[in-house]
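Observations on chain architecture
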Amino acid sequence: MDLRRPPRSTSGGVEPKIRQVGFVTPDVSGPSELPAVAAAAALQPGPADGSPPASDLSPVMIPPPRHADHLSPGSPPASEAILASSAPQPSSMRFDAASELGDDDSRSMAPSAGELGMLPLPDCKTNKGDLADTQNEGAPVSISQKQKPSKAERRAIQEAQRAAKAAAKEAGLSGKSTGAPSGANPAVSKQAKSAKASQKKDVPPAVSTVTSEKKVGLHYLSGEVSGGNGRCIAMLLSFREAIKDYSTPPNKTLSRDLTAKISSYVSFFIECRPLSISMGNAIRFLKNRIAKLPLTLSESEAKASLQSDIDRFINEKIVVADQVIVSHAITKVRDGDVLLTYGSSSVVEMILDHAHKLGRKFRVIVVDSRPKLEGQGLLRRLVAKGINCTYTHINAVSYIMHEVTRVFLGASSILSNGTVYSRVGTASVAMVAHALGIPVLVCCEAYKFHERVQLDSICANELGDPDVISKVPGRADLDHLKNWTDKENLQLLNLTYDATPSDYVSMIITDYGMLPPTSVPVIVREYRKEQLWV
């Protein structure tokens, strides 16, 4: 007979805490004899070697069936029986026997069926609080008995953990940035850090590293350097100084790092004033030359090559190009001509000066407009050279145009469709001249040509300061727009450039020669090929 097999009662019933092996139908009349059988099993002495009784060696200890007909009358529910079986009882025989054994045999073991039968029924029917206290004192709790937190509780725990991490990180960053001890006020350090970050954002990196870029940008901002050629030359000279003082950082290549430096300088120039089209072409040329530098060149040789390219670009594309334009345009100036110009163009001034040096007898009408009044500077220089001049504003151009024989205009750029992109007011002058049948000659260098197409002056333009056109110099009584910013339905528009359609342009004089506006795409294509081979 297998000792692990539990003893059967005389009535064929099964003890409530032991699983019966075999097909035996429990007897309903058996429960009345269960307490006596359990007491006899508990009083039966165990083996001499101290091993547990036969009833303790049952291979599986499971709770009793949930059906009422399998439970004895007066027995506790299944859940309370499980908790009662796992909770230690100080007065039970199990702990007394364990205390008599050695340290090796005093491990935790499940109580036997006899011990469960000796437990009084009132003790098993304890409340849940007492059972929880008994479990916390030393009995292991199974995973199924742990109460899972709800979704709201888990979310609250996660939010608390995130807040703690954010607070620790903020305290560490503030302490590191300010260098103050850990007891410093974190709010003050955070404000100081934000103020420092805003200062770094407002001031471009070129200001703190390169002095020449700072000076040029401030000159753009104040208007001391103006005109397409003047701004482009000043920018290229500042790039030349920056390349001269440049040194390649360790673990970096010259072409990539220098291109990034040039881009940072360009960003600073844009913050001061938007770039002109001619400046964009010059920047594209310089970056192209940096990208094509041979890898075999040393740093000093590469820097010398770039400086030479900048000097050659200024000399060939601006200085020599203006001289070629003057040589072509001088053929259109004859004795007795009345030449009209608008604003102040450096190449037109060179044409008039050269014609005067050749002894040509002509008169110049300088048309000007607010708010920049650039024509006043040109008028002063021409009069100083002894040229006969007339000065008027653009509102009288239709009256003065009847005396004009030719119109010479400068340009900021020539677009691919032949549109002339120049200072605002140029289109008005060209339209009035075209209406009266007077030829309009536009002087522009080839490096100012661009493949872009523009049909009006609104889609792309540079906006000037609106406060400038709200005031009249020398007339403090004309303050009708003094508080124009307080009026919601009033806006002031101060455009810098306008677009003159090619229909109002008679001829374009470039360093490639004199050509009609329809041939501008040819110049754009040839100039691009030349840049590829330079």
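Keep in mind it's a predicted model, so treat the numbers as computed, not measured.

**Regarding the overall build of the protein**
In terms of helices and strands, the protein carries 20 helices and ten strands. For the protein, the proportion of its 534 residues judged to be buried stands at 34%. In the protein, once contacts between residues fewer than 6 apart in sequence are set aside, the share between residues at least 24 apart is 77%. A total of about 31500 Å² of accessible surface is found on the protein, and carbon and sulfur atoms cover 56% of it.

**Structural notes on a positive patch on the surface**
Together, Lys 148, Lys 151, Arg 154 and Arg 155 make up a region of like positive charge exposed at the surface. Relative to the assigned elements, Lys 148 resides in the loop between helix H6 (128–136) and helix H7 (151–178).

**What about the sheet that holds strand S6 (residues 420–423)?**
Whenever strands of a sheet pair, they do so through backbone hydrogen bonds, lying parallel or antiparallel. Strand order in the open sheet made by the three strands is S5-S6-S8, with antiparallel pairing throughout. Across the chains shown, the open sheet's two edge strands, defined by having one partner strand only, are strand S5 (413–414) and strand S8 (497–500). Across two bridges, S5 lies against S6 in antiparallel orientation. Within S6, the residue paired with Ser 413 across the bridge is Tyr 421. This element, helix H18 (residues 426–435), spans S6 and S8 of the sheet and lies at about 30° to S8.

**What about the nonpolar core?**
Core analysis: the biggest nonpolar cluster contains 63 residues, and Phe 239 and Val 407 have the highest contact counts within it. For this core, the element with the highest residue contribution is helix H12 (residues 254–272), accounting for eight residues. With sequence-adjacent residues up to four places away left out, Val 407 is seen in contact with Leu 340, Met 401, Val 429, Ala 433, Ile 438, Pro 439, Val 440 and Leu 441. One finds Ile 325, Val 364, Ile 387 and Cys 389 within the second-largest nonpolar core, a separate group that totals 23 residues.

**Considering the packing of helix H11 (residues 228–244) against helix H13 (residues 277–291)**
With their axes 9 Å apart at the nearest point, H11 and H13 run at an angle of 30° to one another. When the axis of H11 is compared with that of H13, the two are roughly parallel. In this structure, H11 crosses over H13, and the sense of that crossing is right-handed. Contacts from Gly 228, Arg 231, Cys 232, Met 235, Leu 236, Phe 239 and Ile 243 of H11 reach H13 at Ser 278, Met 279, Ala 282, Ile 283 and Leu 286.

**With respect to the packing of aromatic side chains**
Per the counting criterion, the structure on display carries seven aromatic pairs. Here Tyr 421 and Tyr 497 contribute two aromatic rings whose centre-to-centre distance is 5.0 Å and whose plane-to-plane angle is 25°, an arrangement assigned as stacked. Of this pair, Tyr 421 sits in strand S6 while Tyr 497 sits in strand S8; the two residues are 76 residues apart in sequence, bridging distant segments of the chain. Tyr 497 shares its class with Tyr 421; the two are buried. Through pairs of rings, three or more aromatic residues link up here, namely Tyr 220, Phe 239, Tyr 265, Phe 268 and Phe 269.

**Description of unusual backbone geometry**
Here the residue pair Arg 370 and Pro 371 is connected by a cis peptide bond, since its omega of 10° sits within 30 degrees of zero. Residue Asn 251 is not a glycine yet carries a positive backbone phi of 65°. Judged by relative accessible area, Asn 251 falls into the exposed class, the value being 84%. Its identity as a non-glycine residue notwithstanding, Leu 373 has a phi of 55°, on the positive side.

**Some points on the pattern of salt bridges**
Under the counting rule described, the total for this entry stands at 14 salt bridges. Between Asp 257 and Lys 252 there is a salt bridge; the shortest N-O distance is 3.8 Å. Note that Glu 374 and Arg 423 form a salt bridge whose closest N and O atoms lie 2.8 Å from each other. Taken together, the positions of Glu 374 in the loop between strand S2 (362–368) and helix H16 (375–384) and Arg 423 in strand S6 put the pair 49 residues apart, joining distant regions of the chain. What makes Glu 374 partly exposed here is its relative accessible area of 24%. Where salt bridges share partners, they join Glu 349, Asp 353, Lys 357, Arg 381 and Lys 385 into one cluster.

**Let's talk about the environment of Pro 466**
With respect to the secondary-structure elements, Pro 466 resides in helix H19 (residues 466–469). Pro 466 sits in the partly exposed class, given a relative accessible area of 23%. Separated by 26 residues in sequence, Pro 466 and Leu 492 have C-alpha atoms that sit 5.6 Å apart. Excluding residues within four positions of it along the chain, Pro 466 makes contact with Trp 484, Leu 492 and Asn 494.

**Overview of the side chain of Asp 322**
Tracing the chain through its elements places Asp 322 in helix H14 (residues 299–329). Each residue touching Asp 322, except ones within four places of it in the same chain, is listed here: Asn 229, Val 347, Met 350 and Glu 445.

**Examining H13**
Between the first and last C-alpha of H13 there are 21 Å, a value that for 15 residues agrees with the 21 Å anticipated at 1.5 Å per step. If you check which residues of H13 are buried, you get Ile 277, Ser 278, Met 279, Asn 281, Ala 282, Ile 283, Phe 285, Leu 286, Arg 289 and Ile 290.

**Here we look at H12**
Spacing of three or four residues puts side chains on the same side of an α-helix, whose turn is 3.6 residues. For H12, built from 19 residues, the straight-helix expectation of 27 Å at 1.5 Å per residue is met to within 8% by its first-to-last C-alpha distance of 27 Å. Along H12, the residues that are buried comprise Leu 254, Asp 257, Leu 258, Ile 262, Ser 264, Tyr 265, Val 266, Phe 268, Phe 269 and Cys 272.

**Regarding the pairing of strand S7 (residues 440–443)**
Burial of the side chains of S7 extends over both faces: Val 440 and Val 442 are buried on one face and Leu 441 and Cys 443 on the other. In this structure, strand S4 (residues 406–410) lies alongside S7, joined through four bridges in parallel fashion. In the sheet register, Leu 409 faces S7, and the bridge partner there is Val 442. In terms of strand pairing, S7 meets strand S9 (residues 507–510) through three bridges, oriented parallel. Looking at S9, one finds that Val 442 is bridged to Ile 508.

**Quick word on a nonpolar patch on the surface**
A grouping of Ile 458, Leu 463 and Leu 493 is seen on the molecular surface, where their side chains present a nonpolar patch of about 360 Å² in accessible area. For Ile 458, the position within the fold is in the loop between S7 and H19.

**Structural notes on the environment of Asn 315**
Position of Asn 315 relative to the elements: it lies in helix H14. Put simply, Asn 315 and Ile 233 are 82 residues apart on the chain and 9.9 Å apart in space, counted from C-alpha to C-alpha.

**As for the pairing of S4**
The buried count for S4 comes to five of five residues, which makes it a mostly enclosed element. By the bridge criterion, three bridges tie strand S1 (residues 337–342) to S4 in an arrangement that is parallel. Bridge pairing in S4 links Thr 341 to Phe 408.

Reading the values: rules and limits
- Residues numbered from 1 in each chain as written.
- Predicted model: local features only at pLDDT ≥ 70, side-chain atom pairs only at ≥ 80, totals over all residues.
- Heavy atoms only, no water.
- Helix = DSSP H or I, 4+ residues; strand = E, 2+ residues; numbered from the N terminus.
- Buried < 20%, exposed > 50% of the residue type's maximum accessible area, 1.4 Å probe, protein only.
- Contact = heavy atoms within 4.5 Å.
- Areas by Shrake-Rupley, 256 points an atom, 1.4 Å probe, with all protein chains shown as cover.
- Patch = residues over 30% accessible without salt bridge, like charges linked within 9 Å, V, L, I, M, F, W, Y side chains within 5 Å.
- Salt bridge = Lys/Arg side-chain N within 4 Å of Asp/Glu carboxyl O.
- Lys, Arg positive; Asp, Glu negative; His and termini not counted.
- Charge placed at Lys NZ, Arg CZ, Asp CG, Glu CD.
- Pairing = 2+ DSSP bridges.
- Axes fitted to C-alpha atoms, helices over the stretch in contact; angles between N-to-C directions.
- Core = buried A, V, L, I, M, F, W, Y, C linked by side-chain atoms within 4.5 Å.
- Parallel < 35°, antiparallel > 145°, perpendicular 65-115°, else oblique.
- Left-handed = near helix turned anticlockwise from the far one by under 90°.
- Phe/Tyr/Trp six-rings, centres within 6.5 Å; stacked < 30°, edge-to-face > 60°.
- Expected span 1.5 Å × (residues − 1).

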